[in-house]
Amino acid sequence: TKTKLPPSPPRLPFIGNLHQLGSLPHRSLQALAEKHGPLMLLRLGQVPTLVVSSAEMAREIMRTHDHTFASRPSLKTANDLLGGSTDIVFASYGDYWRQARKLCTLHLLSAKKVHSFRLAREEEVALMLRKISRACLSPDPMDLSEILFSFANDMLCRAITGNFFREGGRSDLFRQLIEENTYLLTGFHLEDFFPSLAWLEVLFGLGARAKRNAERWNQVFEEVIKDHDDRMKDGNVENNLADVLLCLQKDPSMEFSLTEENIKAILMDMFAAGTDTTYITLEWAMAELAQNSEVMAKLQDELRGIAKEKGLVREEDLSEASYLKAVIKEVLRLHPPAPLLVPRESLDDCHIQSYHIPKRTRVIVNGWAINRDPKSWEAPKEFRPERFMGNQIDFKGNDFQFIPFGAGRRICPGMNFAISTVELALAKLVHHFDWKLPHGMMREDLDMTEAPGLTTPRKQRLQLVAKPCGYYEGL
Ligand code: HEM
């Protein structure tokens, strides 16, 4: 029994179970888990891959055996893009990751640092609302997806590089680089599934494209560093993540020596991990609210009650907004932006219940399936924020039935940053405008399918009609 492996679906020669992933792997893997159980072993190409699909098994991986499963597999594009994965997201478990992660939680994404971006958040949200109010002048529905993506892009660019990004069209440049990263990081790479065929990558792979994008990032980061050095001569340090890292690099009291390569990789992580996830959350939130008008009305009542005679909602008021928080949790439950989290890899042999998991097994935690497991959730496919009212269920990694940010040592360190941004943006979108589906569209006509890939934006862009309401004056 010591070597009994978890159950596996039948596989084909050579490709194993790869053909069963489909275009929406979280959905195909959920269907497979219903037949083969919450801990199943697939062979994706040549790579043994453990798929975890229940809260109980997720707890085993990310709490009981968290240390054993704290590493990441070496992935081709991450290596090409991120200087051999010397970032945080894709770094394998070890001294470098521990130090970089500590630096990130203490200096880049701590509660204090997130709070220090309060003004920047207010300003970026105000710019987005102005765009929306201009779009309201047209009789046509607005492309809200586009507006939300540029908001998320600008917010992250501003937090990471300060004023630098607004000059000379750099905002668009960052956008192109981020979109290319997303394409590359979520695409199919032969070598990730057939390590012995790495040599064929030259013919079929995206390696050259990844290296080209890495070079473009490199040039922009060189400019970021130069801009920082020029400002430092005048003693002008800004409140942005690039400045923090570049100052820490020169700090003699730092025990950990940060190379320029490391700084560039960590900054690229912040862009790649923060932009899409924030945008996807806001896009699904607005789609669900447009489809569920009674939830929208209840949320507007809460926010308008909080704003009262001030006429506007401020970040500091949002601690009272319990329904807003429940709405955001429900959006993250039904539409986690990273439905399969980020893959892990086992550092050692391990036993889970009666199963043997060999060292260096790749692990996929199907957060999407867990968030919708009927064993944990009543009517799991329905959008019901009320399920989060009057209880303590949270996404902070203790409630394994709800893990949009992962759990354990590798839990998302950007959680507070993301939630502050999403809360403020959503509160203001809903407080200042009345939203409707385009003329003639019924709630069941709104297409709620996901785009194919490893992150889950909507397949169709979200087109809505907005009308500034009485509270708009407060802007
Ligand atoms: C709604 C927004 C977000 C969601 C849903 C999300 C989700 C996740 C998930 C699922 C993981 C993998 C966790 C695991 O392996 O257990 C992760 C890792 C990570 N996220 Fe986020 N994220 C979000 C926003 C952000 C933001 C805004 C940042 C930074 C600005 C960020 C930075 C990171 C980093 C650096 C890691 C790697 C952690 C590690 O491997 O040690 N994320 N995120």
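Residues numbered from 1 in each chain as written. Predicted model: local features only at pLDDT ≥ 70, side-chain atom pairs only at ≥ 80, totals over all residues.

**Student:** Just to check I follow, could you spell out the site of the ligand for this structure?
**Tutor:** The local shell around the ligand holds 27 residues, among which G274, T277, G406, C412 and G414 are the closest. For the shell around the ligand, the secondary-structure elements that each account for two or more residues are α13 (260-291) and α17 (415-432). Considering each element in turn, the shell around the ligand owes the most residues, seven residues, to α13. Looking at side-chain class alone, the shell around the ligand contains 18 nonpolar, six polar and three charged residues. (Near = placed C-beta within 6 Å. Helix = DSSP H or I, 4+ residues; strand = E, 2+ residues; numbered from the N terminus. Nonpolar A, V, L, I, M, F, W, Y, C, P; charged D, E, K, R; others polar.)

**Student:** What exactly am I supposed to notice about the sheet that holds strand β3 (residues 142-143) here?
**Tutor:** Hydrogen bonds between backbone atoms are what pair the strands of a sheet, whose relative direction is either parallel or antiparallel. Strand order in this open sheet of three strands is β3-β9-β8, and the pairing throughout is antiparallel. The open sheet has two edge strands, β3 and β8 (433-436), and neither has a second partner. Sheet topology note: the β8/strand β9 (residues 463-468) ladder contains four bridges and is antiparallel. Paired with K436 across the strands is V465, a residue of β9. (Pairing = 2+ DSSP bridges.)

**Student:** Is there a simple way to explain the pairing of β9 in this structure?
**Tutor:** The side chains of a regular strand alternate between both faces of the sheet. Note: β3 against β9, two bridges, orientation antiparallel. Counted as the bridge partner of D143 is Q463 from β9.

**Student:** Would you take a moment to explain the sheet that holds strand β4 (residues 344-345) for this structure?
**Tutor:** Across the sheet, four strands lie side by side as β1-β2-β7-β4; this open sheet has mixed pairing. Whereas interior strands pair on both sides, the edge strands pair on one side only; in this sheet they are β1 (39-44) and β4. Of the pairings in the sheet, the one linking β1 to strand β2 (residues 47-52) comprises six bridges and is antiparallel in character. Paired with L44 across the two strands is V47, which belongs to β2.

**Student:** So what exactly am I meant to see when it comes to the UniProt feature "binding site: heme" (unreviewed entry) in the protein chain here?
**Tutor:** This chain's UniProt record puts "binding site: heme" (unreviewed entry) on C412. Along the chain, the position of C412 falls in the loop between α16 (367-371) and α17. (UniProt positions renumbered as here; feature names shortened; annotations may be inferred.)

**Student:** Is there a simple way to think about the packing of helix α4 (residues 95-108) against helix α12 (residues 241-250) in this case?
**Tutor:** Any two packed helices are characterised by how steeply their axes cross, that is the angle between the axes, and by the distance between the axes. Between α4 and α12, whose axes approach to 11 Å, the crossing angle comes to 120 degrees. Here α12 runs oblique to α4, going by the angle between their axes. The crossing of α4 and α12 is right-handed. In contact with L103, H107 and L108 of α4, α12 contributes L241, V244 and L248. Of the residues assigned to the contact of α4 with α12, the class counts are five nonpolar, one polar and no charged. (Axes fitted to C-alpha atoms, helices over the stretch in contact; angles between N-to-C directions. Parallel < 35°, antiparallel > 145°, perpendicular 65-115°, else oblique. Left-handed = near helix turned anticlockwise from the far one by under 90°. Contact = placed C-beta atoms within 7 Å.)

**Student:** Looking at this model, I keep getting lost on the nonpolar core. Mind explaining?
**Tutor:** The nonpolar side chains of soluble globular proteins are, as a tendency, buried together. In this structure, V52, A58, L267, M286 and L426 are the most contacted members of the largest nonpolar core, which totals 129 residues. Considering each element in turn, this core owes the most residues, 18 residues, to α13. In this view, L426 contacts L282, A285, L324 and I328; residues no more than four positions away in its chain are not counted. (Core = buried A, V, L, I, M, F, W, Y, C linked by C-beta atoms within 7 Å. Buried ≥ 20, exposed ≤ 12 C-beta atoms within 10 Å, placed from the backbone.)

**Student:** What's the story with α4 in this structure? I'm lost.
**Tutor:** At 3.6 residues per turn, the α-helix brings residues three or four places apart onto the same side. Relative to the 20 Å expected for 14 residues at 1.5 Å per residue, α4 spans 19 Å between its end C-alpha atoms, a close match to the ideal helical length. All of the buried residues along α4 are W97, A100, C104 and L108. Axial view of α4: buried residues confined to an arc of 75 degrees, hence all on one face. Buried residues in α4 make contact with α5 (111-116), α12 and α13. (Expected span 1.5 Å × (residues − 1). Arc of directions from axis to C-beta.)

**Student:** When you look at unusual backbone geometry in this model, what are you seeing that I'm missing?
**Tutor:** Comment: phi is negative for the bulk of residues other than glycine, and the bulk of peptide bonds are trans. Phi at Q353 takes a positive value of approximately 50 degrees, unusual for a residue other than glycine. Within the secondary structure, Q353 is located in the loop between β5 (350-352) and β6 (355-357). At A379, a position not held by glycine, the phi torsion is positive, near 40 degrees. Along the polypeptide, A379 turns up in the loop between α16 and α17. When the 9 C-beta atoms within 10 Å are taken as the criterion, A379 is described as exposed.

**Student:** What is the right way to look at the packing of helix α11 (residues 207-233) against α13 in this model?
**Tutor:** The N-to-C vectors of α11 and α13 enclose an angle of 105 degrees; their axes lie 11 Å apart at closest approach. On the basis of the axis angle, α11 is roughly perpendicular to α13. Mapping the contact onto sequence places W217, N218 and F221 in α11 and K264, L267 and M268 in α13. Across the contact of α11 with α13, the residue classes break down as four nonpolar, one polar and one charged.

**Student:** Just checking my understanding: could you explain α11 for this structure?
**Tutor:** Between its terminal C-alpha atoms α11 stretches 39 Å, which fits the 39 Å expected from 27 residues at 1.5 Å a residue. Within the sequence span of α11, burial applies to A210, N213, A214, W217, V224 and H228. For α11, the secondary structure elements touched by its buried residues are α3 (76-81), α7 (144-161), α8 (170-185), α12 and α13. Positive phi shows up at G235, right after α11, with a value of about 70 degrees.

**Student:** Help me understand the environment of I306, please; the structure alone is not making it clear to me.
**Tutor:** Following the sequence through the fold, I306 ends up in helix α14 (residues 293-307). Sequence-wise, I306 and D317 are 11 residues apart; in three dimensions their C-alpha atoms are separated by 7.0 Å. Setting aside residues up to four positions removed in sequence, I306 forms contacts with V313, D317, E320 and A321.

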